[in-house]
Amino acid sequence: MEVIRGGKRVDVSIYDIVVGDIVPLNIGDQVPADGILITGHSLAIDESSMTGESKNVYKNSREPFLMSGCKVADGSGTMLVTSVGINTEWGLLMASISEDTGEETPLQVRLNGVATFIGIVGLTVAFLVLVVLLVRFFTGHTKNTNGTPQFKAGKTSVGDAVDGAIKILTVAVTIVVVAVPEGLPLAVTLTLAYSMRKMMADKALVRRLSACETMGSATTICSDKTGTLTLNQMTVVDAYVGGKKIDPPENKSQLPPKLSSFLIEGIAQNSNGSVFIPEGGGEVEVSGSPTEKAILVWGVKLGMNFDAVRSESTVIHVFPFNSQKKRGGVALQLPDSEVHIHWKGAAEIVLASCTAYIDGNDNIMAMDDDKALFFKKAIEDMAACSLRCIAIAYRSYEIDKVPVGEQELSQWELPEDDLVLLAIIGLKDPCRPGVKESVQLCQNAGVKVRMVTGDNPQTARAIALECGILSSEDDAVAPILIEGKVFREYSNEEREQIAEKILVMGRSAPNDKLLLVQALKKRGHVVAVTGDGTNDAPALHEADIGLSMGIQGTEVAKENSDIIILDDNFASVVKVVRWGRSVYANIQKFIQFQLTVNVAALIINVVAAISSGDVPLNAVQLLWVNLIMDTLGALALATEPPTDHLMHRPPVGRREPLITNIMWRNLLIQAAYQVSVLLVLNFRGKSLLGLKNDNAEHANKVKNTLIFNAFVLCQIFNEFNARKPDEINIFDGITKNHLFMGIVAVTLVLQVIIIEFIGKFTSTVKLNWKQWLISVVIAFISWPLALVGKLIPVPDTPLHKFFPSFSRRRNPQS
């Protein structure tokens, strides 16, 4: 915040504000502490955060108390801080609140649906297997290793029968354990948490968790111009004063004295900024908004003594800059009781209110058609060069018409007609470096970038061409380039049709941005909006993803946003899109990997159980598989960094299925291979491995250990395949993901330890080098098989579209 200490404005952290500080307040600020109003002009405070009442409260000498956390909705003023931190009304309220909403993201809801469906399938299959095995056991069809029945009616003891039934129940429970993908919530949490931390390094602070994944689905971005696409570092580069162009603009020798006096008076008094001249000399310090700073710097170059000019007249009333009217004004009383009203704002709007101008000889001349045309042409020329055009005008006023009472004065609307034009200036705000490349990257990714700005349409057009939003001059025609007032006059149906085509909107009011967002959402778009002002709050709140600016953004804008862009740079917005797509892609990778494991293990155990009454993968082995596949697999695939490949595909729509056709293809090929090979080993393993002459129990253990080992190694190779579901080179960028490599190495080491050293805990036996080689070869074959599988084309239409009875119509807003 800016505070006044020792007569000088200084920037301090909100945590360093102390009792006794003087704090200037402007539109969009959040009151940083409890305090008392010292001076104020039309100061309206939104106290809804404290009182729940949406009506703005006007502050004056009769009602001077300001509460921490409230927003400045209108006007300006200064306050004296009386209490800070926990001692404020806001602090006492927040200390008593411990909020935990337990909000689930939309993706988690969809994943829960998938997990529930798989769980139901698993329970159903487990119940059927339980029934089949119990019937087989109690009818004497289940054999021991020596070929004798495990249960004989009337001969088998109750204890042995109960033990047999418990073993069968264990098999059924194991099938449930295999079927349910417990790792899905873990994978989601890891992916979102990892992405949030990495996005912070890319200058994006995530305020709402679901915004991470939603941003990956964004189809359009409605961006501000100033500060986001441009640097927001204004300088005056063109000036029309005295009815002619001044070159250079700070050449004060070309200005007549009376005109110079009026102009400097208007610059100094009609401003929220300040100029500080150090006592020991040195560079002048100018504070305020970028536009205010540029105009004040220009005034200083014209010879303005800021403090002296402000002390020569008294401010009667202030009309702060208003985004609806696009201008701001101030009424001054001079020592001779003369009243001057100064206006400053959008050039074409202020010019329309001017009936005269001051020429180069200090004469007030009527604004005839030729001169009006000259000034309009000047504005168009400056706007075509991407300059922001500001007009400065004034008028004199009779003092007896000025309201006397404080109440009447606070409601006084400053006269804005019959103005005398003093100057029209052009401010340059250069594009940010790299913005054109960022916009191009978005367009390649299928994300349409639209510019919505309050600036002149010609200025907006020039910046849009410079940034690459408009590809050529031929595109700068209606409705691609449109004015806010034209757009808002359309009916709802017409706005929906036209919203698709709009790329640049100039002279937009706050409500125009909101109308555009609503129209695009009705067309099925996933809309991201960037904004920095209080007036952007409705659009930020309405959008699917609101992105506020961390430097120029007001507190109101930040509170209504989902993500805060810490460096106000559009390139950071593109990085957020990239990370959003990465979140979705990583979760899809894990689902493909997890379902392959589950489908293969489920089919192997079910087929083996029903055919022979025994399972090759016992409960402990499957718990170990679940541990390494769910936990370590989730960690490995959830931390895959985003790649440029993600920005070369269209955005995921609202109705896109979570499991795509490409995932189904990869999943089914891998599962079919694993099931086929391992079932052959299960039924013919003894003969293939030359174990027929061995002890039957030992041979069975060797065969099952080999199946277990080959199954785990297959999943390790499958982990590599899952990294790149739709790319041939699955090892691309593998060395950059150290965590992935570490997890694979740890999994391999643990598997060797399980087989060779602690086999008794998992009912496994040691394998010789030939059996290890067989396991590795079985697993390795899954890699070229996956590569061949990726050459098989898949239809673009999601599978559920082929089965209309199973697809549900869903509201695009849901």
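Predicted model only: the values in this text are computed from it and were never measured.

Undergrad: Describe helix α8 (residues 290-301), and please don't skip the residues or the numbers.
TA: The terminal C-alpha atoms of α8, which comprises 12 residues, lie 17 Å apart, in line with the 16 Å expected from a rise of 1.5 Å per residue. Taken residue by residue, α8 has Pro290, Thr291, Glu292, Ala294, Ile295, Leu296, Trp298 and Gly299 as its buried positions. Once α8 ends, the next one or two residues include Gly303, with phi positive near 100°.

Undergrad: Explain the packing of helix α16 (residues 492-499) against helix α17 (residues 510-522) to me, and be specific about the residues and the numbers.
TA: Look at α16 against α17: their axes get within 8 Å of each other, and the N-to-C directions meet at 80°. The pairing of α16 with α17 is recorded here as roughly perpendicular in orientation. In this structure, α16 uses Arg495, Glu496 and Ala499 to contact α17, whose residues at the interface are Leu515, Leu516, Ala519, Leu520 and Lys522. In the contact of α16 with α17, the residues fall into five nonpolar, no polar and three charged.

Undergrad: I'd like a description of the pattern of salt bridges, backed by residues and values.
TA: In total, this model carries 22 salt bridges according to the counting rule given. With a closest N to O distance of 3.9 Å, Lys59 and Glu63 form a salt bridge. Using a relative accessible area of 8% as the deciding quantity, one classes Lys59 as buried. The partner of Glu500 in a salt bridge is Arg523, with the nearest N and O atoms 3.2 Å apart. Separated by 23 residues along the polypeptide, Glu500 in the loop between α16 and β23 (504-506) and Arg523 in the loop between α17 and β24 (527-531) bring together distant segments of the chain. One network of salt bridges, in which partners are shared, links Lys225, Arg388 and Asp455.

Undergrad: Describe helix α5 (residues 183-201), naming the residues involved and giving the relevant values.
TA: Here α5 spans 27 Å end to end across 19 residues, near enough to the 27 Å set by a 1.5 Å rise per residue. Of all the residues in α5, the buried ones are Gly183, Leu184, Ala187, Val188, Thr191, Leu192, Ser195 and Met199. The buried residues of α5 all sit within an arc of 160° when viewed along its axis, so they share a single face. Opposite the buried face of α5, by more than 90 degrees, sit the exposed residues Arg197 and Ala201.

Undergrad: Can you lay out the environment of Ile565 for me, pointing to particular residues and giving the numbers?
TA: Mapping Ile565 onto the fold places it in strand β26 (residues 563-565). Considered as a pair, Ile565 and Thr530 are 35 residues apart in the sequence and their alpha carbons are 8.9 Å apart. Residues contacting Ile565, with those up to four places away along its chain left out, are Lys203, Ala204, Leu547, Ser548, Met549, Gly550, Ser572, Val573 and Val576.

Undergrad: Describe the pairing of strand β25 (residues 545-549), listing the residues and the values that go with them.
TA: Counting buried positions along β25 gives five out of five residues, so the element sits mostly inside the fold. Here β25 shows no split at all, with Ile545, Leu547 and Met549 on one side and Gly546 and Ser548 on the other all buried. Where β24 meets β25, four bridges bridge the pair, whose relative direction is parallel. Looking across to β25, one finds that Ala528 is bridged to Ile545. By the bridge criterion, three bridges tie β25 to β26 in an arrangement that is parallel. Across the sheet, residue Leu547 finds its bridge partner in β26, namely Ile563.

Undergrad: I'd love a proper account of the side chain of Asn666, names of residues and values included.
TA: Mapping Asn666 onto the fold places it in helix α22 (residues 661-688). Apart from the residues lying within four places of it in its own chain, the contact partners of Asn666 are Gln592, Pro725 and Lys790.

Undergrad: Help me get a handle on the state of the cysteines, residues and values and all.
TA: Applying the stated criterion across every chain yields a total of zero disulfides. You can see Cys354 has no disulfide; the closest cysteine sulfur is in Cys389, sitting 14 Å from it. Cys467 takes part in no disulfide bond, and the closest cysteine sulfur to it belongs to Cys431, at a distance of 3.3 Å.

Undergrad: If you had to explain the side chain of Lys371 to someone new, which residues and values would you point to?
TA: With respect to the helices and strands, the residue Lys371 is situated in helix α11 (residues 369-384). It turns out Lys371 is buried and unbridged, and the closest side chain with the opposite charge, Asp368, is 7.3 Å from it. With sequence-adjacent residues up to four places away left out, Lys371 is seen in contact with Gly243 and Tyr357.

Undergrad: Account for the environment of Ser83, with residues named and values stated.
TA: Within the secondary structure layout, Ser83 lies in strand β7 (residues 71-83). Along the backbone, Ser83 and Leu713 are 630 residues apart, and their C-alpha atoms lie at a distance of 65 Å. Not counting the four nearest positions on each side in its chain, Ser83 is found in contact with Val19, Ala33, Asp34 and Thr88.

Undergrad: Now, about unusual backbone geometry: what can you tell me, with residues and values included?
TA: With an omega of 0°, the peptide bond running from Asp247 to Pro248 counts as cis. With respect to the element layout, Pro248 can be found in the loop between β11 (244-246) and α7 (257-269). Non-glycine residue Ser337 carries a positive phi angle of around 70°. The topology assignment puts Ser337 in the loop between β15 (327-333) and β16 (339-346). On the basis of relative accessible area, Ser337 is assigned to the partly exposed category, the value being 37%.

Undergrad: Run through the packing of α22 against helix α23 (residues 696-723), naming residues and quoting values.
TA: Here α22 crosses α23 at 165°, and the two axes come no closer than 9 Å. Judged by the angle between their axes, α22 and α23 are roughly antiparallel. Handedness of the crossing formed by α22 with α23: right-handed. Taken together, the residues of the contact of α22 with α23 sort by class into nine nonpolar, nine polar and two charged.

Undergrad: Summarise the packing of aromatic side chains; cite the residues concerned and give the values.
TA: The full count for this structure, using the stated rule, is 15 aromatic pairs. Taking 6.2 Å as the distance between ring centres and 70° as the angle between the ring planes, the aromatic pair formed by Tyr194 and Trp579 counts as edge-to-face. Of the two residues, Tyr194 is situated in helix α5 and Trp579 in helix α20 (residues 570-612); the sequence distance between them amounts to 385 residues. The class of Tyr194 is partly exposed, set by a relative accessible area of 22%. Under the relative-accessibility criterion, Trp579 is labelled buried at 6%.

Undergrad: Summarise the environment of Met196; cite the residues concerned and give the values.
TA: Among the structural elements, Met196 can be located in helix α5. With relative accessibility at 26%, the residue Met196 sits in the partly exposed group. Those residues in contact with Met196 that lie beyond four places of it in its chain are Val206, Leu209 and Cys212.

Undergrad: Please provide a residue-by-residue account of the sheet that holds β24, values included.
TA: Across the sheet, which stays open at both edges, the eight strands sit in the order β8-β26-β25-β24-β9-β21-β23-β22 with mixed pairing between neighbours. With one partner strand each, in any of the chains shown, β8 (204-206) and β22 (481-483) form the two edges of the open sheet. The average undirected angle you get between the axes of adjacent strands in this sheet is 20°. Summarising the sheet, strand β9 (residues 220-223) and strand β21 (residues 448-452) pair through four bridges and their orientation is parallel. Bridged to Cys222 within β21 is Arg450.

Undergrad: Explain a nonpolar patch on the surface to me, and be specific about the residues and the numbers.
TA: A contiguous nonpolar surface patch, about 700 Å² in accessible area, is contributed by Val746, Val749, Leu750, Val752, Ile753, Phe757, Ile758 and Phe761. With respect to the helices and strands, Ile758 occurs in the loop between α24 (738-756) and α25 (769-789). Using a relative accessible area of 33% as the deciding quantity, one classes Ile758 as partly exposed.

Undergrad: Please provide a residue-by-residue account of the confidence of the model for the chain, values included.
TA: Taken as a whole, the chain shows an average pLDDT of 84; of its residues, 93% reach a score of 70 or greater. Here helix α1 (residues 48-51) stands out as the least confident element of the chain, with mean pLDDT 67; strand β3 (residues 22-25) is the most confident, with 93. Every residue in residues 96-101 scores below 50 in pLDDT, and together they form zero contacts with partners more than four places removed in sequence or on other chains. Across residues 802-814 the pLDDT falls below 50, and counting only partners more than four positions away or on other chains, this stretch makes nine contacts in the model.

Conventions and cut-offs
Residues numbered from 1 in each chain as written. Predicted model: local features only at pLDDT ≥ 70, side-chain atom pairs only at ≥ 80, totals over all residues. Heavy atoms only, no water. Helix = DSSP H or I, 4+ residues; strand = E, 2+ residues; numbered from the N terminus. Expected span 1.5 Å × (residues − 1). Buried < 20%, exposed > 50% of the residue type's maximum accessible area, 1.4 Å probe, protein only. Axes fitted to C-alpha atoms, helices over the stretch in contact; angles between N-to-C directions. Parallel < 35°, antiparallel > 145°, perpendicular 65-115°, else oblique. Contact = heavy atoms within 4.5 Å. Nonpolar A, V, L, I, M, F, W, Y, C, P; charged D, E, K, R; others polar. Salt bridge = Lys/Arg side-chain N within 4 Å of Asp/Glu carboxyl O. Arc of directions from axis to C-beta. Pairing = 2+ DSSP bridges. Disulfide = S-S within 2.5 Å. Lys, Arg positive; Asp, Glu negative; His and termini not counted. Left-handed = near helix turned anticlockwise from the far one by under 90°. Phe/Tyr/Trp six-rings, centres within 6.5 Å; stacked < 30°, edge-to-face > 60°. Patch = residues over 30% accessible without salt bridge, like charges linked within 9 Å, V, L, I, M, F, W, Y side chains within 5 Å. Areas by Shrake-Rupley, 256 points an atom, 1.4 Å probe, with all protein chains shown as cover. pLDDT = per-residue confidence, 0-100.

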